[in-house]
Amino acid sequence: QGGLRMTDRKSELFSGVAGLEGTTKWFDWDVAYTHGEAKATNRDHNYYNALLWVPATESGALDPTVNTNDPAFVESLKVSPIREGKSKIDALDLKARGQTSFTLPAGSIGWAVGSSWWKESLSDQPDPLTQQGLVVGSIQQAAVDASRKAYAVFGEVSVPIVKTLE
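Described below are features of the structure shown in this document. These numbers were taken from a predicted model, which means no experiment stands behind them.

Remarks on the sheet that holds strand β4 (residues 78-79)
And then number 1: What the 3 strands build is an open sheet, ordered β4-β3-β7; its pairing is antiparallel. Either end of the sheet is taken by a strand with one partner, and the two such strands are β4 and β7 (135-136).
And then number 2: With 2 bridges joining them, strand β3 (residues 47-49) and β7 adopt antiparallel strand pairing. Paired with asparagine 49 across the two strands is valine 135, which belongs to β7.
And then number 3: Sitting on the sheet, helix α1 (residues 50-59) is in contact with β3 and β7, with an inclination near 80 degrees to β3.

A short note on the sheet that holds strand β2 (residues 27-45)
And then number 1: Taken together, the 5 strands give an open sheet; going across it, the order is β1-β2-β5-β6-β8, and neighbouring strands pair in antiparallel fashion. At either margin of the open sheet sits one strand with a lone partner, and together these are β1 (6-23) and β8 (144-158). Recorded for the sheet is a direction-independent mean angle of 5 degrees between the axes of neighbouring strands.
And then number 2: In this structure, strand β6 (residues 107-126) lies alongside β8, joined through 15 bridges in antiparallel fashion. Bridge pairing in β8 links leucine 122 to alanine 146.

Some points on the environment of glutamine 1
And then number 1: One can find glutamine 1 in the segment before β1.
And then number 2: Sequence separation of glutamine 1 and aspartate 90 is 89 residues, and the distance between their C-alpha atoms is 48 Å.
And then number 3: When residues no more than four places from it in sequence are discounted, the contact partners of glutamine 1 are Val66, Asn67, Thr68, Asn69, Asp70, Pro71 and Val74.
And then number 4: At 2.7 Å, the side chain of glutamine 1 and the backbone oxygen of asparagine 69 are in polar contact.

Basis of the calculations
Residues numbered from 1 in each chain as written. Predicted model: local features only at pLDDT ≥ 70, side-chain atom pairs only at ≥ 80, totals over all residues. Heavy atoms only, no water. Pairing = 2+ DSSP bridges. Helix = DSSP H or I, 4+ residues; strand = E, 2+ residues; numbered from the N terminus. Contact = heavy atoms within 4.5 Å. Axes fitted to C-alpha atoms, helices over the stretch in contact; angles between N-to-C directions. Polar contact = N/O pair within 3.5 Å; in protein donor to acceptor, adjacent residues only side chain to side chain.

Take a look at the structure:
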């Protein structure tokens, strides 16, 4: 009688990268910055507030097995939960590579160095009734608000032993 349970979902995504690269007398280099963001909002319809639903069914004021309940009363038991989520990532990469002036009989010695940094964050916020498990026809969902950072560095050396092996 209350209608189909439905979810209207709206989501947005943005991803962008900006970078530079160049060459000097001694080495080549590049740097890049990345930013990404995703947002989603769920709006549910035709769910019921357990704080109203349970007393109404226990008292007999509502019979959930029939379609003849007072429509205004059925509507008064409804809630429209909203759940909002967002994730973000920011990253920075730096790299340089070149060759030493020292050479071996099989060729020049090459090198590369670099580093990366990134931060990720996630937020998922169900409405308070959903967090308490008080939405009839839905499950209890906890809120999340978390982030992490990571750093990395690397270095490489390419030493040509013979023409076919380095």
